[in-house]
Amino acid sequence: MSAQILITGGTGLVGQGIKYAIETEPVNSHFGKRDGEEWIFIGSSEADLRNKGQTEKLFEKYQPTHVIHLAARVGGVFANMARKLDFLRDNLLINDNVLHTAHEFKVKKVISCLSTCVYPDKVEYPLDETKIHLGLPHESNFGYSHAKRLVDIQSRAYKEQFGDNFTSAIPTSVFGPHDNFDLESAHVLPALIHRCYLSKTNNTPFVVWGSGKAQRQFIYSRDLAKLFVWMLHSYDSVEPLILSVGEDEEITIKQAADAVVKAVGFKGEYQFDTTKSDGQFLKPATNKKLLGLLKDTDFRFTPFDRALMRWCNGSYKTTWMLGQASRSSDGHGFKAILTSQMP
Amino acid sequence: MSVRVLVTGGTGLVGQGIEYVIENEPANSHFGKRDGEEWFFIGSSEADLRNQEQTRKLFEKYKPTHVIHLAALVGGLFANMARKLDFLRDNILINDNVLHTAHEFKVKKVISCLSTCVYPDKVEYPLDETKIHLGLPHESNFGYAHAKRLVDIQNRAYKDQFGDNFTSAIPTNVFGPHDNFDMESAHVLPALIHRCYLSKKNNTPFVVWGSGKPLRQFIYSRDLAKLFVWMLRNYDSVEPLILSVGEDEEVSIKQAADAVVNAVGFTGEYRFDTTKADGQFRKPASNKKLLELVKDTGFAFTPFDKALDETVQWFLRNYNNARIGKPQ
């Protein structure tokens, strides 16, 4: 059967992971493209989803039957705290435009993307699918969190009043190719990689912020991508689904930094600046529900060290890193560094 | 200095309460109109606030310096449950249009209107201003509640990023003249009044839906109106403010129904249909913060029976012009 699958935010970290999965997994396998499917990856240059007219034009052009909605305004702690209204309102606009237009176009399924970072700051761990709304989120992602939580509410409302098949996925910390490496707004792993490259080239100490003891569940974007493809084909509940490695697979920031040092091949001085904050110490999420659903597939998470090594050493990453160079906080250096590293 | 106050939802229950107060309280008193003030009461026939363009045209026309934002898609239990998306989305659109346009027009203050019904279903009582977001609201007002809670979040975001003076009031159950008496969507008191009136007129039993046991704090719209006027002039915090009678002044639905029977003068058969839903059992809210703030204003709440009687008399006098829905 013919299906047009529109991926908003298709040029980003998760979107490009899905593109990779669609292009490399065997056709008609659990995590691959199916016959008759067309997958369309959209970025902000094609349509500003904060604008209703542009969103409608996009849907008119591609006539999607399915949508994986990843587009969002995202940023690090500092951007989020300086522009609470922008992060709230832009995301509200994007989400309303995509969901309502999908409804109007009678799209058969929409999978939106939340995050474990939108959970309540004060909550009993581990996180599971029932705890999203049990208190206020952490101030550091105020606007983003409130807008994302609302997507779960919107999905339920559309389902209940109209029978629309809308749902959402909740990944933990994602990493992989095509990430944002800009030190002003990058998440922890790309920030570590970028910082370590700079240390290697400039012959300076590699300093990791915080004690190194904070723990995180990291999910490789290409593993996450397979799970999105699986959800698109097989998951029809309005209830959100956590997409994560197991609780027992949390990694400390120190373990992550050690892996980065190894992958980058850094041999200089390596230390932790304990005067810097750790962020939240831990926020384990349970993937019980997911594992139960996947048990008859052959899905396996890529081991962390292997995913990181692949990511650091693949040539695909440099194109993205070069693209980020003009936004990196040190200005010029990153591009020059990579050019000098190229074989 | 010229002050132009735009009241959205101005033709509704609370809006008309404010209009009454502005016209009847002594000029320049605590709750009366002040010299140099102009008040505009806007209804949906003048602008559909779900539409950004219409909202902008409204602000261009009136150039408000202040806004009391009461407009919303509201309805009773049954309407809310049948149309979850409409109640969510229409209210989000209205609120975003009003707040963002007010921001663009550099309005000096916006007071929006939440409700105690948007609080978490599972929460420790009494409710106070800090508990709004501590869990999911009751399913019976799903869409409305989520949209209204978001207003508190929006206010904080506008205040934090731009310094806009946006805040909100949190009334409990409001009643009074100009309420919606259409039985398909009315809240409990106007529904009781209308039903009792029809029972009297048609000589049929007066049947109250539910067990009669749920408890509510009711606030008379004309008392609430005075508090809105007070807030407009004196309250500058982003923190929302509960506007309610005291916790110890809760009334059961049965007590309310008894008062209605009395005010309407109904003497026929009067009973409860326990097969119908009760909605939330009770949700007492603390008005401690409010009482402290208004202690030097001479403000006092109208006693419930008196306020209900005034409301019933208004309904009986204005039956043909009231919002009664289909003729019965």
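Computed from a predicted model, the values in this text were never measured in an experiment. (Residues numbered from 1 in each chain as written. Chains lettered and ligands numbered in written order. Predicted model: local features only at pLDDT ≥ 70, side-chain atom pairs only at ≥ 80, totals over all residues. Heavy atoms only, no water.)

### Some remarks on the pairing of strand E1 (residues 3-8) of chain A
All names here are of chain A.
No. 1: Extensive coverage of E1 is indicated by the burial of six of its six residues.
No. 2: Residue alternation in E1 divides its side chains into two sets, Ala3, Ile5 and Ile7 and Gln4, Leu6 and Thr8, and both sets are buried.
No. 3: With six bridges connecting them, E1 and strand E2 (residues 37-42) associate as parallel partners. The residue of E2 that forms the bridge with Thr8 is Ile42.
No. 4: Chirality of the crossover, the property in question, places the unit of E1, helix H1 (residues 13-24) and E2 among those that are right-handed. (Buried < 20%, exposed > 50% of the residue type's maximum accessible area, 1.4 Å probe, protein only. Helix = DSSP H or I, 4+ residues; strand = E, 2+ residues; numbered from the N terminus. Pairing = 2+ DSSP bridges. Right-handed = clockwise from strand over helix to strand, strands pointing away.)

### Remarks on the packing of helix H8 (residues 253-264) of chain B against helix H10 (residues 304-317) of chain B
Residue and element names in this part refer to chain B.
No. 1: Where H8 meets H10, the closest approach of the two axes is 9 Å, and the angle between their N-to-C directions is 50°. In terms of orientation, H8 and H10 fall into the oblique class. For the crossing formed where H8 meets H10, the hand is right-handed. Where H8 approaches H10, its residues Ala256, Ala259, Val260, Ala263 and Val264 are matched on the opposing element by Phe304, Asp305, Leu308, Asp309, Val312 and Gln313.
No. 2: Across the contact of H8 with H10, the residue classes break down as eight nonpolar, one polar and two charged. (Axes fitted to C-alpha atoms, helices over the stretch in contact; angles between N-to-C directions. Parallel < 35°, antiparallel > 145°, perpendicular 65-115°, else oblique. Left-handed = near helix turned anticlockwise from the far one by under 90°. Contact = heavy atoms within 4.5 Å. Nonpolar A, V, L, I, M, F, W, Y, C, P; charged D, E, K, R; others polar.)

### Some thoughts on the interface of chain A and chain B
No. 1: The partner chain B presents 28 residues to the 28 residues of chain A that form the contact.
No. 2: Taken together, both faces of the contact between chain A and chain B bury some 2300 Å²; the carbon and sulfur share is 66%.
No. 3: Three residues stand out in chain A for area buried against chain B, namely Leu85, Arg89 and Gln161 of chain A, and they jointly supply 25% of the buried area on that side.
No. 4: Our enumeration of links across chain A and chain B arrives at four salt bridges.
No. 5: Our count for the chain A to chain B interface comes out at 11 residue pairs in polar contact (both at pLDDT 80 or more).
No. 6: Of the residues forming the side of chain A that touches chain B, the biggest block, 11 residues, is contributed by helix H5 (residues 142-162) of chain A.
No. 7: Each residue belonging to the side of chain A that touches chain B can be placed in one class, and the counts come to 14 nonpolar, six polar and eight charged. (Buried area = accessible area lost by both parts, 1.4 Å probe. Salt bridge = Lys/Arg side-chain N within 4 Å of Asp/Glu carboxyl O. Polar contact = N/O pair within 3.5 Å; in protein donor to acceptor, adjacent residues only side chain to side chain.)

### Some points on H5 of chain A
No. 1: Over its 21 residues, H5 of chain A extends 30 Å from the first C-alpha to the last, a length consistent with the 30 Å expected when each residue adds 1.5 Å.
No. 2: Counting buried positions along H5 of chain A gives 17 out of 21 residues, so the element sits mostly inside the fold. (Expected span 1.5 Å × (residues − 1).)

### Remarks on the side chain of Thr302 of chain A
Residues and elements named next belong to chain A.
No. 1: Counting through the fold element by element, Thr302 comes out in the loop between helix H9 (288-294) and helix H10 (304-313).
No. 2: Residue Thr302 is classed as buried on the basis of its relative accessible area, which comes to 17%.
No. 3: Filtering out sequence-adjacent residues up to four positions away, Thr302 remains in contact with Tyr220, Asp223, Ala307 and Arg310.

### Details of the domain arrangement of chain A
As a measure of interface size, the accessible area lost when the parts come together is often cited.
All names here are of chain A.
No. 1: Split into domains, chain A comes out as domain 1 (3-175 + 218-247) and domain 2 (188-216 + 248-283 + 303-340).
No. 2: At the interface, 14 residues of domain 1 touch 19 residues of domain 2.
No. 3: Carbon and sulfur atoms make up 64% of the surface buried where domain 1 meets domain 2, a total of about 1400 Å² over both sides.
No. 4: When residues of domain 1 are sorted by the area they lose upon contact with domain 2, Phe175, Phe218 and Tyr220 head the list and together hold 46% of the total.
No. 5: Counting across the interface, domain 1 meets domain 2 through zero salt bridges.
No. 6: If you look at where domain 1 meets domain 2, you find three residue pairs in polar contact (both at pLDDT 80 or more).
No. 7: Only strand E6 (173-175) and strand E9 (218-220) provide two or more residues apiece to the side of domain 1 that touches domain 2. (Domains from an automatic or database assignment.)

### Examining the nonpolar core
No. 1: Grouped together as the largest cluster of nonpolar side chains are 65 residues, with contacts concentrated most on Leu6 of chain A together with Leu6 of chain B.
No. 2: Here this core gets nine residues from one element, more than from any other, and that element is helix H5 (residues 142-162) of chain B.
No. 3: For Leu6 of chain B, the residues in contact, after removing those within four places along its chain, are Phe40, Ile42, Leu58, Phe59, Tyr62, Pro64, His66, Val67 and Ile68 of chain B.
No. 4: Counting 34 residues, the second-largest nonpolar core is a separate cluster that includes Ile219, Trp230, Met231 and Val245 of chain A. (Core = buried A, V, L, I, M, F, W, Y, C linked by side-chain atoms within 4.5 Å.)

### Let's talk about the sheet that holds strand E2 (residues 37-42) of chain B
All names here are of chain B.
No. 1: If you trace the six strands from one edge of the open sheet to the other, you get E2-E1-E3-E4-E5-E10, paired in parallel fashion. Looking along the sheet, the strands with just one partner apiece sit at the ends: E2 and strand E10 (241-243). Ignoring which end each strand starts from, the neighbouring axes of this sheet average 20° apart.
No. 2: Here six bridges tie strand E1 (residues 3-8) to E2, and the two strands are oriented parallel to one another. Each bridged residue has a counterpart across the sheet, and for Val3 the counterpart in E2 is Glu37.
No. 3: Strand contacts of helix H2 (residues 52-62): E1, E2 and strand E3 (66-69), with the helix running at about 150° to E1, the strand carrying the most contacts.

### Looking at the UniProt feature "domain: NAD-dependent epimerase/dehydratase" (unreviewed entry) in chain A
No. 1: Those places that UniProt annotates as "domain: NAD-dependent epimerase/dehydratase" (unreviewed entry) correspond, in this numbering, to residues 5-245 of chain A.
No. 2: Annotation note: span residues 5-245 of chain A, helix share 41%, strand share 17%, distance between end C-alpha atoms 26 Å. (UniProt positions renumbered as here; feature names shortened; annotations may be inferred.)

### What to know about the pattern of salt bridges
Residue and element names in this part refer to chain A.
No. 1: According to the stated counting rule, one finds 39 salt bridges over all chains in the structure shown.
No. 2: For the salt bridge of Lys19 with Glu23, the shortest nitrogen-to-oxygen distance reads 3.8 Å. Residue Lys19 and its partner Glu23 are both found in helix H1; the two are separated by four residues, about one turn of the helix.
No. 3: Across the pair Asp236 and Lys109 runs a salt bridge whose closest N-O atoms are separated by 3.1 Å. With a gap of 127 residues between them, Asp236 in the loop between helix H7 (221-234) and strand E10 (241-243) and Lys109 in strand E4 (residues 109-113) connect regions that are remote in the sequence.
No. 4: Among the residues examined, Asp236 registers a relative accessible area of 45% and is labelled partly exposed.
No. 5: Salt bridges sharing partners connect three or more residues here, namely Asp48, Arg50, Arg73 and Asp90.

### Regarding empty space enclosed by the protein
No. 1: All told, the structure shown has three cavities of 30 Å³ or more when counted by the stated rule.
No. 2: In this structure, the largest cavity encloses a volume near 210 Å³.
No. 3: Around the largest cavity, the lining residues are His133, Gly135, Leu136, His146, Arg149, Leu150 and Ile153 of chain A together with His133, His146, Arg149, Leu150 and Ile153 of chain B.
No. 4: Only H5 of chain A together with H5 of chain B provide two or more residues apiece to the lining of the largest cavity.
No. 5: When its volume is computed, the second largest cavity comes out at roughly 50 Å³.
No. 6: Together, Thr116, Thr172, Ser173, Arg216, Gln217 and Lys283 of chain A line the second largest cavity.
No. 7: Here the residues of the lining of the second largest cavity sort into no nonpolar, four polar and two charged. (1 Å grid on protein atoms, 1.4 Å probe; cavity = no way out; pocket = protein on both sides within 12 Å on 5 of 7 lines; lining within 4 Å. Points joined across faces, edges and corners; volume = space filled by probe spheres on them.)

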